[in-house]
Each structure stands twice: as C-alpha cells, then as structure tokens.
Amino acid sequence: MQYSVGLVRFAFVFTGLLILMAILSVVLEAFTGISVNGSVNQIVAVLGAASDAGQRFYKTYQTVPESGFAWHASFQMTLVEIAISVALGGLFFWYLLSQGEFANGLVPLMMILVPLMIFLFGVSLVAKRFAFVGGARRAEKVHLKKQEKSSAVFE
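Just so it is clear, the model here is predicted, and its values are computed rather than measured. (Residues numbered from 1 in each chain as written. Predicted model: local features only at pLDDT ≥ 70, side-chain atom pairs only at ≥ 80, totals over all residues. Heavy atoms only, no water.)

**Some words on the overall build of the protein**
The cut-off we apply is this: Only runs of H or I of at least four residues qualify as helices and only runs of E of at least two qualify as strands under DSSP, and these elements are numbered from the N terminus. Note on method: radius of gyration uses C-alpha positions; expected globular size equals 2.2 Å times residues raised to 0.38. The classification of residues rests on relative accessible area computed with a 1.4 Å probe and restricted to protein chains. Under 20% of the type maximum is buried, over 50% is exposed, and intermediate values are partly exposed. The accessible surface values rely on the Shrake-Rupley method and a 1.4 Å probe; as for residues, cover is taken only from the protein chains in view. Residues scored as positive are Lys and Arg, those scored as negative are Asp and Glu, and His as well as the terminal groups of each chain are ignored. Throughout, a charge is located at the NZ atom of Lys, the CZ atom of Arg, the CG atom of Asp or the CD atom of Glu.
Looking only at helices and strands, the protein features 4 helices and 0 strands. Mapped from its N terminus to its C terminus, the protein presents α and β elements in the order α-α-α-α. Relative to the compact-globule value of 15 Å for 155 residues, the protein shows a C-alpha radius of gyration of 19 Å, a clear excess of over 25%. If you line up the protein on its principal axes, its C-alpha atoms span 75 × 40 × 20 Å. Counting only residues that meet the buried cut, the protein has 28% of its 155 residues in that class. Taken as a whole, the protein presents about 10,100 Å² of accessible surface, with 69% of it coming from carbon and sulfur. Put simply, the protein has 11 plus and 8 minus side-chain charges, and the middle of one group is 6 Å from the middle of the other.

Structure, rendered in structure tokens:
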C-alpha cells in the first residue's frame, strides 16, 4: 500500500501554529516582559504539525508508520518547512533591506545564518520523525481505549 503524509495539511497546520506562536510571544512579552526566541516558536510549530500529521496518518491507515516511512515523511515535511521558512524569511529580509538595516552587513550575516539554518533544519528533521510517530502512537492509544470501552459496554 502506498502511504502519504498529507503535506498540504501539514503546511497549513505549521503556518497556523507559527502565527499562533508569534501572537503568543508578543502577548507574553507585552504582559510579562519574557521574550521567546523565534527558534523556539519554529520548533513548537514543527512538532505540533508533525504530531498532527502522525495522528492523521493513523486515522487514515489504522497503522503506526514504520521507521523507514517515518524518515521519508520527516524529510518531506522538512522540505515543506524550508519552503515556508525561506518565503517568510525572504519577506522579513526584504523588509529590513528596504529600511536600510543591512547596508554593509548582509554577507557576514548570511555566512553565520546559513550554517545555523542547516543545523536547525537537521534538528527539526529528527524531531519531526519522532513527533510524527509519537502522534500516530497517541492516536492508536486513543483508538484502542475507545474499542475497549465499546466492547465493555456490550459485555
């Protein structure tokens, strides 16, 4: 059987969680003075979207994904994450460039930022793999508990 991940839903859930985390970060900073790093927002959004994808996977196929497929799915989700992140980051850089913020310092910044991004996307790849399988396992547990309750009612 050919499995699929549901990358469109992953993209929407990821983007929605990014927006929600940005709003929560602004509110948290406004009311408490606590600042949340943007990387934390991205990791929370990625883990939430991957977990949702795992739950959807189980509900669709009634099985927990095998390790090989989980890595494949994580790689696909990482490509979607990169596309969304580059688009949003490009808009942010475009805004800063139009404001004259990076008159001379864009190249040194990129030499630091690109290796850091590669590392973070690597961490994200591994985290998504485990969140995807974890979401499927949680959905399986819920499904099994519902089956136990329904079979107990008929006994």
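So much for the structure itself; the text now carries on.
**Observations regarding helix H3 (residues 67-98)**
Stated precisely, the cut-off is as follows: An expected span of 1.5 Å times one less than the residue number is assigned to each helix.
Here H3 contains 32 residues, and its C-alpha end-to-end distance of 46 Å stays within 8% of the 46 Å for a straight helix at 1.5 Å per residue. By the burial criterion, the buried members of H3 are Phe69, Ala70, Ala73, Ser74, Met77, Thr78, Val80, Glu81, Ile84, Ser85 and Leu96. Note on H3: the residue one or two positions beyond its end, Gly100, has a positive phi of about 80 degrees.

**Comments concerning the environment of Trp71**
This is how the line gets drawn: Contacts: residue pairs with any heavy atoms within 4.5 Å of one another.
Here Trp71 is to be found in helix H3. Residue Trp71 is classed as partly exposed on the basis of its relative accessible area, which comes to 35%. Taking the C-alpha atoms as reference points, Trp71 and Val86, 15 residues apart in sequence, are found 22 Å from one another. With residues near it in sequence (within four places) discarded, Trp71 still touches Leu125, Val126 and Arg129.

**As for the packing of aromatic side chains**
Quick note on the threshold: Side-chain rings of Phe, Tyr and Trp, where Trp is taken by its six-membered ring, are said to pair if the distance between their centres is within 6.5 Å; with planes under 30 degrees apart they count as stacked, over 60 as edge-to-face, and otherwise as tilted.
Scanning all chains against the criterion turns up 9 aromatic pairs. With a centroid separation of 6.0 Å and 0 degrees between ring planes, the pair formed by Phe10 and Phe14 is classed as stacked. Here Phe10 and its partner Phe14 are both found in helix H1 (residues 7-32), 4 residues apart, which amounts to about one turn of the helix. Of the two residues examined, Phe10 and Phe14, each falls in the buried class. A network of ring pairs unites the aromatic residues Tyr3, Phe57, Tyr61, Phe69 and Phe132 as a single cluster.

**Section: the pattern of salt bridges**
Where we set the bar: The rule for a salt bridge is simple: a side-chain nitrogen of Lys or Arg has to be within 4 Å of a carboxyl oxygen of Asp or Glu.
Scanning all chains against the criterion turns up 2 salt bridges. The salt bridge partner of Arg9 is Asp52, with a shortest N-O separation of 2.8 Å. With Arg9 in helix H1 and Asp52 in helix H2 (residues 38-61), this residue pair connects regions lying 43 residues apart in the sequence. A residue is classified by how much of its surface remains accessible, and Asp52, at 15% relative accessible area, is buried.

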